[in-house]
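Chain residues, written in single-letter form:
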Amino acid sequence: MRQPSLTSTASYQALQSHAKDAQQWQMRDLFAQDPQRFERLSSEAAGLFLDYSKNRLDGRTLALLANLARERGVEKLRDAMFNGDKINLTEHRAVLHTALRAPKDKQITVDGQDITADVHSVLARIRTFSDAVRNGQWLGHTGKEITDIVNIGIGGSDLGPKMVCLALRQFAHPRLSMHFVSNVDGHDMDAALSRVNPETTLFIIASKTFTTAETMMNANTARQWFLKNASEAALAKHFVAVSTNVEAIKKFGIDPDNMFPFWDWVGGRYSVWSAIGLPVALCAGYGYFADFLAGAHALDEHFRTAPIEENLPMILALVGFWNREFLGCPSVSIAPYHQDLNRFPAYLQQLEMESNGKRVTRAGDTIADYETCPVIWGDVGTNGQHAYFQLLHQGTDVTPMDFIAALRPAHEFQNHHAALLANCFAQSEAFMKGKTADEVRADLAGQDPAEIERLVPHKTFPGNRPSNTILMEYLTPATLGALIALYEHKTFVQGALWDVNSFDQWGVELGKVLAKKIEAELNGEAQPAQHDGSTNGLIARAKAAV
Ligand code: G6Q
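On a predicted model such as this, the values are computed, not experimentally measured, just so you know. (Residues numbered from 1 in each chain as written. Predicted model: local features only at pLDDT ≥ 70, side-chain atom pairs only at ≥ 80, totals over all residues. Heavy atoms only, no water.)

Caption draft 1: Quick peek at the pattern of salt bridges. Per the counting criterion, the structure on display carries 28 salt bridges. Its salt-bridge partner being Arg441, residue Asp438 comes within 2.8 Å of it at the nearest N-O pair. Here Asp438 pairs with Arg441, and both are found in helix 17 (residues 437-444), just three residues apart, close to one helical turn. (Salt bridge = Lys/Arg side-chain N within 4 Å of Asp/Glu carboxyl O. Helix = DSSP H or I, 4+ residues; strand = E, 2+ residues; numbered from the N terminus.)

Below, the structure written as structure tokens:
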């Protein structure tokens, strides 16, 4: 169905004229004028608190943005997603990662099939298997307990479980070390294999399609490495698969009893809640995996039922949309002030950029008069402060920030935690307030006046730079589940506003096809094809180096 173009809608145009005023606003003034601003522009759900008061907007901006969301049918599309309608229009698929975390009694059907029953039957298998590995009942082929788990997968079959296992480090089983091999670069596999013993290692081959080139190459290498000192019969104790493709896993030599299925209505980057999350259940235990799902479900229920103005994912999406469309911000930086969330920015990079990095509408029209997904990037605080925060404070682009922190630590070094939170809050304050030329002059008072004037422009901070702060009490499986679901739904809402299909990723295909051709040429299995001059030259240099 073809929607009227975004920019032609009445609410978009109302926002455009409102933005002419808002672009002149100084956040310092907005805070001075409204002592209740923090209370007014903050909201809470599912164990997460969102402060969005340090943005260049006011109540009217939000009301206009909420009108736009209504006019663009965001709530209708949300309901269609939860309902299992095939909203992934280019792949004719339902989008039901929310069903993976729904309770047993929730009836959801796809093509007449009760998928909640399917989901819970796989969860029961995950529970039995992860319990057996963790409590030492599942043994390697020489009778030893498993000590190392190597997950082989890439993209959505890697980033989620890796990020979550790291984030839940404090809940990890003391005997089990987790390894993640994703890159086709042999150094990745080499590093993992050099740290593990085949007798005590369990490999998880995680691939929805079981055809992904990198994963297949890594899986075959792991299999050959394992078979150097073991028979084919021993594979059953050391190789399991997570996939939708039972035929391919049989061909690879994995017993279908060792396969944990999922379904085509789970997108790769939304799959950590499915059997792709098996490493999480192994590492943290099934109970915590269930808490992780429950945390996400709590956020789902909030997203499904709360009015737009109080709805965390809606607000986060609308504020981001405002910054992108009307304040012209080309990127968003994610700053978790929690070391265990150090892979969270990379996870969000895939989630948001693969979902909404699109340039045609759902009906296939080229988007010419508005911007879509900004670049998502970042790293943990306080590290980033000593690296790229310079640009964020004084560079020519304005980059909105998302600060994420837990109010209480899971360690006993209270002084570290106070220092961490102080830095987190100080940064958002500094981005918002900046430092005026007069404040710099006051700081330098007493020095040579000419030297002061020379330094003033360098030491001035423009401020007025937007940020959100997301707080939780502790980083637990449940709050982590809610946090990821918050960003999933933010991504959904923005995709709906931009009218793009957030659930396909055709843009990754071209490079895959070309790489296959070039690989054959590098291996001497195909005649050199006619590439452009640069590509020909690079191939020739690589061949000469062999
Ligand atoms: C995610 C993408 C992509 C995918 C990988 C791995 O949404 O589709 O990152 O997860 O390409 O695919 P397989 O799981 O099929 O190996």
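On we go from here.
Caption draft 2: Spotlight on unusual backbone geometry. Cis peptide bonds are those with omega within 30 degrees of zero, and the linkage from Gly381 to Thr382 qualifies with 10 degrees. Position of Thr382 relative to the elements: it lies in the loop between strand 11 (375-378) and helix 15 (389-394). Phi is positive for Asp111, which is not a glycine, with a value near 50 degrees. Locating Asp111 in the fold gives a position in the loop between strand 3 (109-110) and strand 4 (113-114).

Caption draft 3: Quick look at the packing of aromatic side chains. With the rule as written, the count across this model stands at 28 aromatic pairs. Pairing Phe38 with Phe49 gives two aromatic rings, centres 5.8 Å apart and planes at 50 degrees, and the pair type is tilted. Of the two residues, Phe38 is situated in helix 3 (residues 37-40) and Phe49 in strand 2 (residues 48-51); the sequence distance between them amounts to eleven residues. Each ring, one from Phe226 and one from Phe239, has its centre 5.7 Å from the other, and the planes form 70 degrees; the classification is edge-to-face. Here Phe239 lies in strand 8 (residues 239-243) and Phe226 lies in helix 9 (residues 213-227), a separation of 13 residues in the sequence. (Phe/Tyr/Trp six-rings, centres within 6.5 Å; stacked < 30°, edge-to-face > 60°.)

Caption draft 4: Region of interest: helix 4 (residues 59-71). For helix 4, spanning 13 residues, the distance from its first C-alpha to its last is 18 Å, which sits close to the expected 18 Å at 1.5 Å a residue. Within helix 4 the residues assigned to the buried category are Thr61, Leu62, Leu64, Leu65, Ala66, Leu68 and Ala69. Residues of helix 4 that are buried in the fold lie against helix 1 (10-22), helix 5 (74-83), helix 13 (312-325) and helix 19 (477-498). Where helix 4 begins, one side-chain oxygen reaches toward the backbone nitrogen of Arg60, 3.0 Å away; that side chain belongs to Asp58. Looking one or two residues past helix 4, Gly73 carries a phi angle of roughly 70 degrees, positive in sign. (Expected span 1.5 Å × (residues − 1). Buried < 20%, exposed > 50% of the residue type's maximum accessible area, 1.4 Å probe, protein only. Contact = heavy atoms within 4.5 Å. Polar contact = N/O pair within 3.5 Å; in protein donor to acceptor, adjacent residues only side chain to side chain.)

Caption draft 5: Looking closely at the UniProt feature "active site" (unreviewed entry) in the chain. Sequence positions flagged by UniProt for "active site" (unreviewed entry) are, in local numbering, Glu354, His386 and Lys512. Across 159 residues of sequence, these annotated residues are also dispersed in space, with a maximum C-alpha separation of 36.8 Å. There is a polar contact of 2.9 Å between the side chain of Glu354 and the side chain of Gln350. The topology assignment puts Lys512 in helix 20 (residues 509-522). For Lys512, a relative accessible area of 48% corresponds to the partly exposed category. (UniProt positions renumbered as here; feature names shortened; annotations may be inferred.)

Caption draft 6: Fine view of the packing of helix 13 against helix 19. Where helix 13 meets helix 19, the axes come as close as 8 Å, and the angle between the chain directions of the two elements is 50 degrees. With respect to helix 19, the axis of helix 13 lies oblique. The two elements helix 13 and helix 19 meet at a crossing, and its hand is right-handed. Facing Leu312, Pro313, Met314, Leu316, Ala317, Leu318, Gly320, Phe321, Arg324 and Glu325 of helix 13, the residues of helix 19 in contact are Leu486, Tyr487, His489, Lys490, Val493, Gln494, Leu497 and Trp498. Here the contact of helix 13 with helix 19 is built from residues that sort into twelve nonpolar, three polar and three charged. (Axes fitted to C-alpha atoms, helices over the stretch in contact; angles between N-to-C directions. Parallel < 35°, antiparallel > 145°, perpendicular 65-115°, else oblique. Left-handed = near helix turned anticlockwise from the far one by under 90°. Nonpolar A, V, L, I, M, F, W, Y, C, P; charged D, E, K, R; others polar.)

Caption draft 7: Representation of the site of the ligand in the model. Not every one of the 13 residues close to the ligand is listed here, only the nearest: Ser157, Ser207, Lys208, Thr209 and Thr212. The protein chains hide 87% of the 410 Å² of surface that the ligand would expose on its own. The residue makeup of the shell around the ligand, split by class, is one nonpolar, nine polar and three charged. (Near = heavy atom within 4 Å. Areas by Shrake-Rupley, 256 points an atom, 1.4 Å probe, with all protein chains shown as cover.)

Caption draft 8: Structural context of the environment of Tyr347. On the secondary structure map, Tyr347 appears in helix 14 (residues 344-356). Along the backbone, Tyr347 and Ile376 are 29 residues apart, and their C-alpha atoms lie at a distance of 9.9 Å. With near-sequence residues (within four places) excluded, Tyr347 lies in contact with Leu159, Gly160, Met163, Arg269, Val272, Ile484 and Glu488.

Caption draft 9: Local environment of the pairing of strand 13 (residues 467-472). Of all the six residues making up strand 13, six are buried; the element is thus mostly covered by neighbouring parts of the structure. Side chains Ser467, Thr469 and Leu471 project from strand 13 onto one buried face, and the interleaved Asn468, Ile470 and Met472 project onto a second face that is buried too. The pairing of strand 2 with strand 13 spans three bridges and is antiparallel. By the bridge assignment, Phe49 is partnered in strand 13 with Leu471. Across six bridges, the pairing between strand 12 (residues 401-406) and strand 13 is parallel. Each residue of the ladder has a partner; that of Met401, found in strand 13, is Ser467. (Pairing = 2+ DSSP bridges.)

Caption draft 10: Geometry of the packing of helix 7 (residues 159-167) against helix 14. For the pair helix 7 and helix 14, the least separation of the axes is 9 Å and the interaxial angle reads 155 degrees. Our classification of the angle between helix 7 and helix 14 gives roughly antiparallel. Both helix 7 and helix 14 take part in a crossing whose hand is left-handed. Facing helix 7, whose interface residues are Leu159, Gly160 and Met163, helix 14 presents Phe344, Ala346, Tyr347 and Gln350.

Caption draft 11: Local environment of helix 20. In this model, helix 20 (14 residues) spans 20 Å end to end at C-alpha, consistent with the 20 Å of a helix rising 1.5 Å per residue. Just downstream of helix 20 lies Gly524, where phi reads positive at about 70 degrees.

Caption draft 12: Representation of the nonpolar core. Residues Trp265, Phe344, Leu480 and Tyr487 are the most contacted members of the largest nonpolar core, which totals 127 residues. Among the elements that make up this core, the one with the highest residue count is helix 19 (twelve residues). Dropping the residues within four chain positions of it, Tyr487 is found in contact with Leu316, Ile334, Phe344, Leu348, Leu351, Glu352, Asp402, Ile404 and Ile470. By size, the runner-up hydrophobic cluster in this structure holds 25 residues, among which are Ile152, Phe210, Met216 and Ala222. (Core = buried A, V, L, I, M, F, W, Y, C linked by side-chain atoms within 4.5 Å.)

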